[in-house]
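The lines below spell out each chain.
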Amino acid sequence: MLLTNAQIVTVDDQDGYGLIARGALAIKDGLIDWVGVQDAIPTKYLDGPTRDLEGRLITPALIDCHTHVVHGGDRAVEFEMRLKGASYEEVARAGGGIVSTVTATRAATIEELLETALPRVDALLAEGVSVIEVKSGYGLNEETELNMLRAARMIADHRAVRIKTTFLGAHAVPTEYKDNPDRYIDDVCIPTLKKAHAEGLVDAVDGFCEGIAFNTYQIKRVFDAARDLGLPVKLHAEQLSNIGGTKLAAHYGAHSVDHVEYANEEDAIAMAKSGSVAVLLPGAFYTLHETQLPPIDAFRKHGVPMAVATDCNPGSSPLASILLTMNMSCTLFRLTPEEALVGATAHAARALGLSDTGRIKPGLRADLAIWNAKHPAELSYRIGFNTLFERIFAGESTAA
Ligand code: DI6
Ligand code: FE
């Protein structure tokens, strides 16, 4: 299949993207076979099927590298409480917050978890997403953590999407271990991680390192267990305060450190050394009325790759739009539209440890998004307006 007459945003892993103003792209066996200028199409492609894209924009398909799309229930009431003045921490300490989603998730069957996740997945696919990371972390017991991961894996049986699963057993302290988070880590979280890994359900291991969740000593034990199993780690760190999670994650060579509003320049240096991606989650920043900006300039200065993701979850970021996320990362965090696009493609792939997608280059998967747009900045610029024309997943065209 040859796509002709397109503007192609190739996206580089390093700084920003390349743009081919009048380009063409050949797909073979689900992979990108060739990409270049319209006037230099190798003759071997000219005999096969061709599609004229009439000047439309092609980018790598988008990647949402941090979500909690599998969960039970919703937290609309908590949204109201917070608007009346309660803080996210106060809601959490009053038994609301993550713990209330745990109750709803434990009550759901795998089928219900899958069924309620699919509309959120569909919203992302409709915006050109091809890879979604999905975390556990609302079960906090063996049965439900495993069910969340099984439901996450099942998404790929029902939709043309690639799912990367992350074990987030250290997300919150469940009520039954309220006074003994250490015992929760040792007796539930780590044994459940081992079971989930044995069942082939885990691509990476995450934790929530925060005053209302787990401290660095507790996360360290989870990371040691991940290391023993040969699994990569990532961490929710420095979201509400700075307690040293970023440095710990960097020490373990984390694929990514996520949120990082309260991270400082030293943290950025540690991330640069470990090659960890900073995953920015402006949906949570916005929802929680946060004012502390992540250290974007320090990330730039030290060459820390920045990704952007929805953090789609029922509490701090009920957001299922990667395009709005890109817009927010520009307007709230002052990323350039170019950084936002690289952040939702190449750097998001890197945050997931994927090197076969997120850029347009021969040999990589033909995961592409075709847009009714003239300039790549349009993707971040518009609010609530989706210009996707078509999504191509592993070389197969799927309806927009
Ligand atoms: N940080 C987040 O933003 C999500 N988890 C986390 O550790 C929010 C989870 C929730 O509020 O349900
Ligand atoms: Fe999160």
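Rules behind the numbers
- Residues numbered from 1 in each chain as written.
- Chains lettered and ligands numbered in written order.
- Predicted model: local features only at pLDDT ≥ 70, side-chain atom pairs only at ≥ 80, totals over all residues.
- Heavy atoms only, no water.
- Axes fitted to C-alpha atoms, helices over the stretch in contact; angles between N-to-C directions.
- Helix = DSSP H or I, 4+ residues; strand = E, 2+ residues; numbered from the N terminus.
- Parallel < 35°, antiparallel > 145°, perpendicular 65-115°, else oblique.
- Left-handed = near helix turned anticlockwise from the far one by under 90°.
- Contact = heavy atoms within 4.5 Å.
- Nonpolar A, V, L, I, M, F, W, Y, C, P; charged D, E, K, R; others polar.
- Donors = N, O, S within 2.8 Å, 3.2 Å for Na, K, Ca; no water.
- Tetrahedral: all angles 85-135°; square planar, octahedral: opposite > 155°, others 65-115°.
- Buried < 20%, exposed > 50% of the residue type's maximum accessible area, 1.4 Å probe, protein only.
- Near = heavy atom within 4 Å.
- Polar contact = N/O pair within 3.5 Å; in protein donor to acceptor, adjacent residues only side chain to side chain.
- Areas by Shrake-Rupley, 256 points an atom, 1.4 Å probe, with all protein chains shown as cover.
- 1 Å grid on protein atoms, 1.4 Å probe; cavity = no way out; pocket = protein on both sides within 12 Å on 5 of 7 lines; lining within 4 Å.
- Sits in = over half its atoms within 2 Å of the grid points.
- Points joined across faces, edges and corners; volume = space filled by probe spheres on them.
- Core = buried A, V, L, I, M, F, W, Y, C linked by side-chain atoms within 4.5 Å.
- Pairing = 2+ DSSP bridges.

## Side note on the packing of helix H5 (residues 142–158) against helix H6 (residues 181–198)
Closest axis-to-axis distance for the H5/H6 pair is 10 Å, and the angle between their directions is 40°. It follows from the interaxial angle that H5 and H6 lie oblique. H5 and H6 meet at a crossing whose hand is right-handed. On H6, the residues touching Glu142, Glu145, Leu146 and Leu149 of H5 are Val188, Thr192, Lys195 and Ala196. Its residues assigned to classes, the contact of H5 with H6 comprises four nonpolar, one polar and three charged.

## Some thoughts on the coordination of the iron ion (ligand 2)
Coordination angles at a metal have ideal targets, namely 109.5 degrees for four tetrahedral donors and 90 or 180 degrees for six octahedral donors. Looking at the iron ion (ligand 2), the protein donor atoms are His66 (NE2), His68 (NE2), His236 (NE2) and Asp311 (OD), and they sit 2.2 to 2.3 Å from it. Taken together, the four donor atoms coordinating the iron ion (ligand 2) span angles of 82 to 165° at the metal, a pattern that classifies the geometry as irregular. Motif for the iron ion (ligand 2), donor spacing along one chain: H-x1-H-x167-H-x74-D. Of the two residues, His66 sits in the loop between strand S6 (62–64) and helix H1 (76–83) while Asp311 sits in the loop between strand S13 (306–308) and helix H12 (322–331), which places them 245 residues apart along the sequence. One exposure class covers both His66 and Asp311, and it is buried.

## Here we look at the site of ligand 1
Close to ligand 1 lie 14 residues, the nearest being Arg75, Tyr88, Tyr138, His171 and Ser316. Contact between ligand 1 and Arg75: an oxygen atom at 2.7 Å from a side-chain N or O atom of the residue. Contacts to ligand 1 include His171, whose side-chain N or O atom sits 2.7 Å from a nitrogen atom. In isolation ligand 1 exposes 320 Å². Once the protein is present, 100% of that is buried. Judged by the proximity of its atoms to the pocket grid, ligand 1 belongs to the largest cavity. A class-by-class count of the residues in the shell around ligand 1 yields four nonpolar, eight polar and two charged.

## With respect to the layout of surface pockets
When its volume is computed, the largest pocket comes out at roughly 410 Å³. In terms of lining, the largest pocket is formed by 19 residues, of which the most central are Ala92, Arg93, Val99, Val173 and Ile212. Contributing elements (two or more residues each) for the lining of the largest pocket: helix H2 (88–93) and helix H3 (98–106). Per-element tally for the lining of the largest pocket: the top contributor is H2, with three residues.

## Observations regarding the nonpolar core
Counting 97 residues, the largest nonpolar core has Val70 and Ile155 as the members making the most contacts within it. Sorting elements by how many residues they give to this core places helix H4 (residues 110–125) first, with eight residues. Not counting residues up to four positions away in its chain, the partners in contact with Val70 are Leu113, Ala117, Val134, Lys135, Tyr138, Met148, Ala151, Ala152 and Ile155. Among the nonpolar cores identified, the runner-up in size contains 15 residues, and Ala6, Ile20, Leu53 and Leu368 belong to it.

## Considering the environment of Ala21
Here Ala21 shows up in strand S2 (residues 19–28). Ala21 gets classed as exposed once you look at its relative accessible area, which sits at 58%. Ala21 sits 15 residues away from Ala6 along the chain, and the two C-alpha atoms are 7.4 Å apart. Ala21 has contacts with Ala6 and Gln7, leaving out every residue within four places of it along the chain.

## Overview of the packing of H4 against H5
Running from N to C, H4 and H5 point in directions that differ by 55°, and their axes come no closer than 9 Å. With respect to each other, H4 and H5 are oriented oblique. In this structure, H4 crosses over H5, and the sense of that crossing is right-handed. Facing Ile110, Leu113, Leu114, Ala117, Leu118 and Val121 of H4, the residues of H5 in contact are Asn147, Met148, Arg150, Ala151, Met154, Ile155 and His158. Tallied by class, the residues present in the contact of H4 with H5 amount to ten nonpolar, two polar and one charged.

## Some details on the environment of Val222
By the secondary structure assignment, Val222 is in helix H7 (residues 216–229). Judged by its relative accessible area of 1%, Val222 falls in the buried class. Remark: the alpha-carbon pair of Val222 and Ala170, spanning 52 residues in sequence, is separated by 7.7 Å. For Val222, the residues in contact, after removing those within four places along its chain, are Ala170, Ile185, Cys189, Ile190, Leu193 and Val205.

## Some points on the pairing of strand S14 (residues 368–371)
Side chains on a regular strand alternate between the two faces of the sheet. Along S14, one buried face is formed by Leu368 and Ile370 and the opposite face, lined by Ala369 and Trp371, is buried too. Note that strand S5 (residues 57–60) and S14 share four bridges and pair antiparallel. Within the sheet, the bridge partner assigned to Leu57 lies in S14 and is Trp371. Examined bridge by bridge, S14 and strand S15 (residues 388–393) share four bridges and lie antiparallel to one another. Along S15, the bridge assignment pairs Trp371 with Leu388.

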